Amino acid sequence: MTTLKQGVGPQFTRILSLGAARGDLVVPNDDLIGPIDSSDEWIRQRTGIIERRRASKGVDAVDLAETAAREAIEKAGITPDRIGAVLVSTISNVAVTPSMSALLADRIGVTPAPAYDISAACAGYTYGIAQADALIRAGAAEYVLVVGAEKLSQYVIPTDRSISFLLGDGAGAAVVGPADEPGISASVWGSDGSKWGAVGMSATFEQFLDGDSEWPYMRQDGQTVFRWAVWEMAKVAQQALEAAGVTADELVAFVPHQANMRIIDELAKQLKLPEHVAIGRDIATTGNTSAASIPLATHRLLEEQPELSGGLSLQIGFGAGLVFGAQVVRLP
C-alpha cells in the first residue's frame, strides 16, 4: 500500500515582527459633531476617542497594507521570497474579487505565494494569527504574512449616531515564523450568527443597485454589542488564558480590539488584570480600525514600551458577525 506523505513543519511558531500604517488625515471630534448634533465631550465620554485617523481619497486599504507589510518584513530580517502565504483580514476591499491579498502579494514581491482574504471584521487579525500558526506547523509555509487592513471611512455617513464617529483607517501587519519555544497559544475562536444584525451594513449592495436604499454604511445596535463584548468576551478571554496555560499575572500586555474605551476598561476589570499589565488603548487617537486595530495597538505599545518585547500578551478580537478570536502571543 502506497504511503501518502503529509506536510510536517516546526513544532513552535511566534510573531517575529510588526508593521503599521495609519490614515494620513487627523480627524478630531469637532469635525464630526455637527451632523450628529453632538459634542466633543459626548464622544469622549461614550467612546474615549479624541481623534481618529482616516485616509485621503485615492488611498485605499491595500496601500496602507503595503506600507505595514514592508515594515514587518524588513523588521523580520527575511527576504520577501521566504513568505509562504499572505493572509489579509479586511472588509474594505474595493472589489469583490480579486482579493486584496493577491494584489498585496504582487506589490511586495512574494508571488507566487498563496494569498487569500479573511472576512472576519474585528476578529480578523486573530483569525489570521491562528491560521498562520497552523500553516507553519503543518509545513505549508515557512513564514506567513498576516495583515489587518481597513478603510472604513468609505462606509460612513456623517449623520449616523451609532458607529460613524468611531471608525478610522489603518493597517497592521505581522510576520509569523518558526520558533524554538511556544510563541502562539492555542486559539479560542468562534461565531454567533444569531446576532448577525447587531453590527454590520445598513443595506445590501443589491438593495442599493435596485434603488431601494442609499449607499450601504456601517451601523450597529450599540447596547447589544456593548453587552455582548463585555460579558461574553470576558469569558472568551479567560478561556484563552486557560488554553495557553498562563494566568493574568504572567502577562505583560492586554490588547483587545479597539472597539470602545469603555469596553476595553470593562474587559480589563472583568479579567482582574494586575497593574503591571500594559493595556492597548490606541483607539484614543486612531479610532476603531476593525481588523487592523490589534496589530496597530500592539505596534504602538511596543514603540512606547519596548521593554515589553518577549513578554506574553493576551489579544482578543470581536465584532461583526458576531465573530471572535483570542490567543496569547509572545511579543516580538
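You'll find the protein chain entered in an unreviewed UniProt entry as Ketoacyl-ACP synthase III, with Schumannella soli given as the organism. Its UniProt record gives the protein chain the following Sequence similarities (unreviewed entry) comment, quoted word for word: "Belongs to the thiolase-like superfamily. FabH family." UniProt, in the comment section headed Pathway (unreviewed entry), describes the protein chain in these words: "Lipid metabolism."

Engineer: Would you mind going over empty space enclosed by the protein with me for this structure?
Structural biologist: To locate leftover empty space, one rolls a probe as large as a water molecule over the atoms. Summed over all chains, the structure comprises 1 cavity of 30 Å³ or more. A volume near 340 Å³ is recorded for the largest cavity. Forming the walls of the largest cavity are 29 residues, and the residues nearest its centre are Leu166, Gln220, Val225, Ala259 and Ile263. Among the elements that take part in the lining of the largest cavity, helix α6 (residues 222-244) stands out by supplying 5 residues, more than any other. Looking at side-chain class alone, the lining of the largest cavity contains 17 nonpolar, 10 polar and 2 charged residues. For the lining of the largest cavity, the domains that each give at least three residues are domain 1 (12-179) and domain 2 (188-331).

Engineer: What is the right way to read the side chain of Arg54 from this model?
Structural biologist: Mapped onto the secondary structure, Arg54 falls in strand β3 (residues 51-54). In this structure, Arg54 is buried with no salt-bridge partner, the nearest side chain bearing the opposite charge being Asp169 at 5.5 Å. A distance of 3.0 Å separates a polar side-chain atom of Arg54 from the backbone oxygen of Leu167. Residues within four places of Arg54 in sequence aside, it is in contact with Gly23, Asp24, Leu25, Val27, Leu32, Ser153, Val156, Ser164, Leu167, Gly168 and Asp169.

Engineer: Would you explain the sheet that holds strand β4 (residues 83-89) in this entry?
Structural biologist: Hydrogen bonds between backbone groups are what pair the strands of a sheet, and the pairing can be parallel or antiparallel. Within the open sheet, the 5 strands sit side by side as β1-β7-β6-β4-β5. Their pairing is mixed. Each edge of the sheet is formed by a strand with only one pairing partner; in this case those strands are β1 (12-22) and β5 (115-118). Put simply, the sheet's adjacent strands are angled 20 degrees from each other on average, direction ignored. Pairing geometry for strand β6 (residues 143-151) and strand β7 (residues 169-179), over 8 bridges, is antiparallel. Its bridge partner lying in β7, Val147 is registered against Ala173.

Engineer: Before we go on, may I ask you to explain the sheet that holds strand β14 (residues 323-330) in this structure?
Structural biologist: Overall, mixed pairing links the 5 strands, which are arranged β8-β14-β13-β11-β12 in an open sheet. Both outer strands of the open sheet, β8 (188-191) and β12 (278-279), are each paired with one neighbouring strand and no more. In the sheet, strand β13 (residues 312-319) pairs with β14 via 8 bridges, with the strands oriented antiparallel. Across the sheet, residue Phe318 finds its bridge partner in β14, namely Phe324. The sheet contacts of helix α9 (residues 293-304) involve β11 (251-256), β12 and β13, and relative to β11 the element is tilted by about 145 degrees.

Engineer: Just checking my understanding: could you explain the UniProt feature "domain: Beta-ketoacyl-[acyl-carrier-protein] synthase III N-terminal" (unreviewed entry) in the protein chain for this structure?
Structural biologist: As recorded in UniProt, the sites labelled "domain: Beta-ketoacyl-[acyl-carrier-protein] synthase III N-terminal" (unreviewed entry) are residues 116-193. Each end of residues 116-193 is marked by a C-alpha atom, and these two atoms are 23 Å apart; helix forms 18% of the span and strand 35%.

Engineer: Looking at this model, I keep getting lost on unusual backbone geometry. Mind explaining?
Structural biologist: Between Thr97 and Pro98 the backbone carries a cis peptide bond, its omega angle lying at 5 degrees. Among the secondary structure elements, Pro98 is positioned in the loop between β4 and α3 (100-107). Residue Pro112 is reached from Thr111 by a cis peptide bond, and omega for that bond is 15 degrees. Relative to the helices and strands, Pro112 resides in the loop between α3 and β5. Despite not being glycine, Ala121 has its phi angle at roughly 50 degrees, a positive value. Relative to the assigned elements, Ala121 resides in the loop between β5 and α4 (124-137). For Ala121, a relative accessible area of 4% corresponds to the buried category. For Ser290, which is not glycine, the phi dihedral falls at a positive 50 degrees. Positionally, Ser290 belongs in the loop between α8 (283-286) and α9.

Engineer: Sorry, what's going on with the domain arrangement of the protein chain here?
Structural biologist: Many analyses report the size of an interface as the accessible area lost when the parts associate. When its domains are assigned, the protein chain resolves into domain 1 (12-179) and domain 2 (188-331). A separation of 14 Å is found between the C-alpha centroids of domain 1 and domain 2. Each side of the interface is counted separately: domain 1 has 49 residues, and domain 2 has 49 residues. For the domain 1 and domain 2 pair, buried surface summed over both sides reaches about 3700 Å², with 63% attributable to carbon and sulfur atoms. When residues of domain 1 are sorted by the area they lose upon contact with domain 2, Arg22, Cys122 and Tyr155 head the list and together hold 19% of the total.

Reading the values: rules and limits
- Residues numbered from 1 in each chain as written.
- Predicted model: local features only at pLDDT ≥ 70, side-chain atom pairs only at ≥ 80, totals over all residues.
- Heavy atoms only, no water.
- UniProt positions renumbered as here; feature names shortened; annotations may be inferred.
- 1 Å grid on protein atoms, 1.4 Å probe; cavity = no way out; pocket = protein on both sides within 12 Å on 5 of 7 lines; lining within 4 Å.
- Points joined across faces, edges and corners; volume = space filled by probe spheres on them.
- Helix = DSSP H or I, 4+ residues; strand = E, 2+ residues; numbered from the N terminus.
- Nonpolar A, V, L, I, M, F, W, Y, C, P; charged D, E, K, R; others polar.
- Domains from an automatic or database assignment.
- Buried < 20%, exposed > 50% of the residue type's maximum accessible area, 1.4 Å probe, protein only.
- Lys, Arg positive; Asp, Glu negative; His and termini not counted.
- Salt bridge = Lys/Arg side-chain N within 4 Å of Asp/Glu carboxyl O.
- Polar contact = N/O pair within 3.5 Å; in protein donor to acceptor, adjacent residues only side chain to side chain.
- Contact = heavy atoms within 4.5 Å.
- Pairing = 2+ DSSP bridges.
- Axes fitted to C-alpha atoms, helices over the stretch in contact; angles between N-to-C directions.
- Buried area = accessible area lost by both parts, 1.4 Å probe.

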